[in-house]
Amino acid sequence: MDIRIEKILKAMNTSTLIFKSKSAPRVSIFGLLLLMLSFFTISSVNAQNISELNQFLGTQEASELGIDRDYLYGSQSIIYVTQGRIKLPEEGSARKADVRMSGISRLSEVDDALESVEILQLKVSSDADKAIALPSGIEEQMPSLKVVFILSQVPISQSDVQAMVSSIQDPAVKILYFYSQPV
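Residues numbered from 1 in each chain as written. Predicted model: local features only at pLDDT ≥ 70, side-chain atom pairs only at ≥ 80, totals over all residues. Heavy atoms only, no water.

Asker: In this structure, what is going on with the packing of aromatic side chains? I would like to understand it.
Answerer: The relation between two aromatic rings is expressed through the spacing of the ring centres and the mutual angle of the planes. Counted according to the given criterion, the structure contains one aromatic pair. For the ring pair Tyr 73 and Phe 149, a centre distance of 5.6 Å and an interplane angle of 80 degrees mean the geometry is edge-to-face. You can see Tyr 73 sitting in helix α6 (residues 69–73) and its partner Phe 149 sitting in strand β6 (residues 147–152), a full 76 residues away along the chain. Residue classification places Phe 149 among the buried residues on the basis of a relative accessible area of 0%. (Phe/Tyr/Trp six-rings, centres within 6.5 Å; stacked < 30°, edge-to-face > 60°. Helix = DSSP H or I, 4+ residues; strand = E, 2+ residues; numbered from the N terminus. Buried < 20%, exposed > 50% of the residue type's maximum accessible area, 1.4 Å probe, protein only.)

Following this line, the structure appears as structure tokens:
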């Protein structure tokens, strides 16, 4: 009986069975692997540049980039953008833009003032805010951008953050996020 099974298995060549049909599409294993590899590479470009704030601070990368709590939270000239209001600094150019996600569409109204912004701080206050993505062209509006810092009042995951910042393609821009329950 074993000999019959061996003969049947020899007669059945899996690749000829799969590709013998003229209606079945021919699939190159190499092409499929290349497609999967390119998809993984594209989708992980920003993932490797996204960090939770507390895990990032104090690392060698943070030190090399000069990013610490004082850099993120310290006193500096700021542009404030909400859904109902825009406030520009009274003097000089802004180093930071503090933007509520509900007002993200208003960034185009302060285009010239964004040129010197190094830190884009996004404030997420609801689950609906997590569904809002940065507009394409944000990097052109902010050529000095070094950090996108997301402060969330609702639980937020790395995949949420990745969807929000998918328009950021520059690997030099560091993406940080922090969840803090409102008091």
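Asker: Explain the pairing of strand β2 (residues 78–81) here, please?
Answerer: Regular strands show a simple pattern: their side chains alternate between the two faces of the sheet. As paired elements, β2 and strand β4 (residues 96–100) share four bridges and run parallel to each other. The residue of β4 that forms the bridge with Val 81 is Val 99. Of the strand pairs in this sheet, β2 and strand β3 (residues 86–87) are connected by two bridges, and their pairing is antiparallel. Within β3, the position partnered with Val 81 by the bridge is Ile 86. (Pairing = 2+ DSSP bridges.)

Asker: For this particular structure, what's the right way to read the pairing of strand β7 (residues 174–179)?
Answerer: Of all the six residues making up β7, five are buried; the element is thus mostly covered by neighbouring parts of the structure. Bridge analysis of β6 against β7 gives six bridges, and the strand direction is parallel. Bridged to Phe 149 within β7 is Leu 176. Of the crossover connections in this fold, the one passing from β6 over helix α9 (residues 158–164) to the parallel β7 is right-handed. (Right-handed = clockwise from strand over helix to strand, strands pointing away.)

The analysis is restricted to geometry; functional conclusions fall outside its scope.
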